[in-house]
Amino acid sequence: MNLEQQFQAKIDQEIKIEPRDWMPEEYRQMNIRQIAQHAHSEIVGMLPEGNWITRAPSLRRKVALLAKVQDEGGHGLYLYSAAETLGISREELIDQLHEGKAKYSSIFNYPALTWADMGAIGWLVDGAAIMNQVSLTRTSYGPYARAMVRICKEESFHQRQGYEILLTLCRGSEAQKAMAQESLNRWWWPALMMFGPNDTESTHTEKSMNWKLKRKKNDDLRQQFVDATVPQAEFLGITIPDPDLKWNAERGHYDFGPINWDEFWQVVKGNGPCNKKRMNDRIKAHEEGAWVREAAMAYAEKRRMRKEAQATEKVA
Amino acid sequence: MNRQEALFHYALQMGDNALIIGQRLSEWCGHGPVLEQDIAITNIALDQVGQARSWLQYAAELEGKGRSEDDLAYLRPEFEYRNVLLVEQPNTDWAYTIVRQFLFDVFNFYLHAELQHSTDSGIASIAEKSLKEITYHLRFSSEWVIRLGDGTAVSHRKMQQALDDLWMFTGELVEMNELETGLASSGIVPDLEKIKPLFEARVAKILEEATLIKPESPYMQKGGKQGLHSEYMGFILAEMQSLQRQHPGLKW
């Protein structure tokens with residue numbers, strides 16, 4: 001067996017690929033792309049929710065939201081570390097993001113307009129992310145799979161927290177319930193788009209599946225999400241904005257209406273409501289932090305030199 | 001003012017300090033200079049808001065009028081807030097944020113070290129728990145003062161500027177108001193005259209290590225502890241209280 005066959009054999013036997021193992025260059029690149037995209041999504045994803053921390057309507061909610069957004073930063077941190085095991089630095093990855101060469105989940109290019117959005121983002125966006133991420137705990141690249149295990153635990157907590165925000169609104173005043181419904185109207189379709197294009201349109205699916213970078217198809221995950229979410233919406237007492245949504249007893253799944261892929265591709269290409277704002281915010285934070293990072297490095301260097309000088313003195 | 005009322009007002013004052021600096025710090029979340037520091041500053045914000053909850057819950061209990069921590073945080077107007085002016089100053093940049101935090105942490109550290117021995121058990125228990133967190137905050141902010149003060153020429157200049165601008169808000173930290181004087185006489189809170197030299201010595205030590213010069217401000221700004229705030233305060237509360245003001249009396 002040549003190297004590539006040995007590699008495939010390992011994957012077929014569900015043996016994880018580790019950083020020092022041989023791997024095809026394309027596998028390495030696809031992993032970097034996918035992990036980086038995921039890391040960037042966590043970091044950019046801090047922004048729409050961060051927008052509501054200072055306005056959280058109770059101190060309990062403020063603490064929970066702060067902790068949640070902080071968790072996302074933590075996820076970004078271990079995902080960047082996982083990507084670094086493939087031979088690329090965090091700085092390079094961040095530069096790629098800021099230069100528009102790397103993607104992040106398009107969902108974060110939609111605005112968080114009301115407090116109910118803190119509920120809908122947790123319930124739907126984190127909910128959709130979990131569907132995908134649970135399947136990725138079995139991805140073939142070891143460091144990524146292990147990062148996913150940890151992330152999934154926290155994400156499912158976030159999802160319950162989001163749902164609970166909406167439940168409180170739906171059991172509250174008419175105005176609160178209307179706020180929850182309006183939020184669902186805006187987030188439902190973008191959440192379904194999070195699973196990516198239909199598999200017939202997706203360019204990477206086949207190779208990703210063979211290498212077990214991806215364990216489930218986009219359309220299967222999307223269906224799984226719809227099936228899980230419809231009863232939850234019913235329990236809340238709010239209506240999913242899809243007239244075609246109905247149970248199909250024959251298939252054992254919910255049928256749902258057509259997704260507006262034109263909107264999806266427009267947002268991917270940079271024409272969503274917040275693409276520019278999100279990127280400008282990230283670039284601004286990075287640029288305004290430059291002097292801080294430089295000073296920290298300069299100080300570390302000074303300390304190292306002082307220690308060396310002291311050591312030399314002692315020897316002398 | 002009887003003992004119970006005095007305790008209520010003191011718990012409010014402590015809660016307000018923690019809440020307003022927590023609110024300011026939380027503005028950083030997602031915008032930090034580097035990911036690790038974004039997470040660290042959010043951690044401090046979390047601790048501060050957590051401490052604010054403990055104080056405001058205690059205040060609500062002392063008052064005994066059925067108000068909750070959220071009623072106290074979200075429904076009091078600016079003039080009823082008793083936080084010091086320092087904590088409401090804007091983040092401006094990482095230098096201002098670190099200097100503001102450092103000055104507040106040094107004071108807060110010595111204050112809580114005394115408050116954990118308060119003759120009031122409610123205060124003592126909140127202080128004891130908070131002191132663990134504040135000890136970490138002080139270590140974090142001191143390290144950053146030194147790192148940036150003794151970092152590059154640019155960072156040194158920014159830190160000195162922040163220190164010069166914020167120094168005039170430090171007088172109020174260690175100057176007793178009427179409420180504190182009353183409570184100090186019965187051993188509930190420490191005499192701030194005792195904390196003042198500790199504050200000054202620790203600040204001087206860290207500034208020296210950071211190669212920063214302690215400003216010689218002849219005049220100090222005060223008023224926060226009497227409910228007289230800076231122009232920033234109205235905006236902080238307008239933002240923080242917006243939902244509760246738009247939709248009064250609801251559960252969230």
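Scope of this entry: the structure provided in the associated data block. For every chain, the first residue of its written sequence is number 1, and the numbers climb from 1 along that sequence. By the order in which they are written, chains take letters starting at A while ligands take numbers starting at 1. Reporting of local features is limited, given that this is a predicted model, to residues whose pLDDT is at least 70; pairs of side-chain atoms are given and counted only at 80 or more, and all residues count toward the totals for whole chains, interfaces and linings. Water and hydrogen atoms play no part in the side-chain values, which are based on all heavy atoms of the structure.

Residue and element names in this part refer to chain B. Runs of E in the DSSP output that reach at least two residues are strands. Runs of H or I that reach at least four are helices, and both are numbered from the N terminus. Tracing the backbone shows Glu172 in the loop between helix 7 (153-166) and helix 8 (178-185). Residue burial is assigned from relative accessible area. The probe radius is 1.4 Å, only protein chains are included, and a residue is buried under 20% of its type maximum, exposed over 50%, and partly exposed in between. Charge counting follows a simple rule: Lys and Arg are positive, Asp and Glu are negative, and His as well as the terminal groups are ignored. Any Lys or Arg side-chain nitrogen found within 4 Å of a carboxyl oxygen on Asp or Glu counts as a salt bridge. Buried charge without a salt bridge: Glu172, with Lys225 as the nearest opposite-charge side chain at an N-O distance of 6.4 Å. A distance of 2.9 Å separates a polar side-chain atom of Glu172 from the backbone nitrogen of Leu85. Two N or O atoms form a polar contact when they lie within 3.5 Å of each other; inside protein one atom must be a possible hydrogen donor and the other a possible acceptor, and for residues adjacent in sequence the pair counts only when both atoms belong to side chains.

Before going further, it helps to spend a moment on the environment of Glu174 of chain A. Residue and element names in this part refer to chain A. Here Glu174 shows up in helix 7 (residues 174-193). Take Glu174: its relative accessible area is 67%, and that puts it in the exposed class. Taking C-alpha positions, Glu174 is 36 Å from Val134, a pair spaced 40 residues apart along the chain.

Our next topic: empty space enclosed by the protein. The distinction between a cavity and a pocket rests on a 1 Å grid over the protein atoms alone: a 1.4 Å probe fits inside a cavity but cannot get out, while a pocket stays open yet meets protein on both sides within 12 Å along at least five of seven lines, and a residue with an atom within 4 Å of a point counts as lining. Grid points are joined across faces, edges and corners, and a volume is the space filled by probe spheres set on the points. Following the criterion strictly, the structure yields three cavities of 30 Å³ or more and no others. Size it by volume and the largest cavity reaches roughly 70 Å³. Along its surface, the largest cavity is lined by Glu49, Arg61, Ala64, Leu65, Lys68, Trp115, Met118, His158, Gln161, Gly162 and Ile165 of chain A. Of all the secondary-structure elements, those providing two or more residues to the lining of the largest cavity are helix 3 (59-84) and helix 6 (142-170) of chain A. Asp, Glu, Lys and Arg are counted as charged, while Ala, Val, Leu, Ile, Met, Phe, Trp, Tyr, Cys and Pro are counted as nonpolar; the rest, among them Gly, fall into the polar class. Its residues assigned to classes, the lining of the largest cavity comprises five nonpolar, three polar and three charged. Taken as a whole, the second largest cavity holds about 50 Å³ of empty space. Elements represented by at least two residues in the lining of the second largest cavity include exactly helix 1 (3-26) and helix 5 (94-115) of chain B.

Residue and element names in this part refer to chain B. You can see Asp16 is positioned in helix 1. Exposure remark for Asp16: the relative accessible area of 0% places this residue in the buried category. A polar contact is formed between the side chain of Asp16 and the backbone nitrogen of Arg82, at a distance of 2.9 Å.

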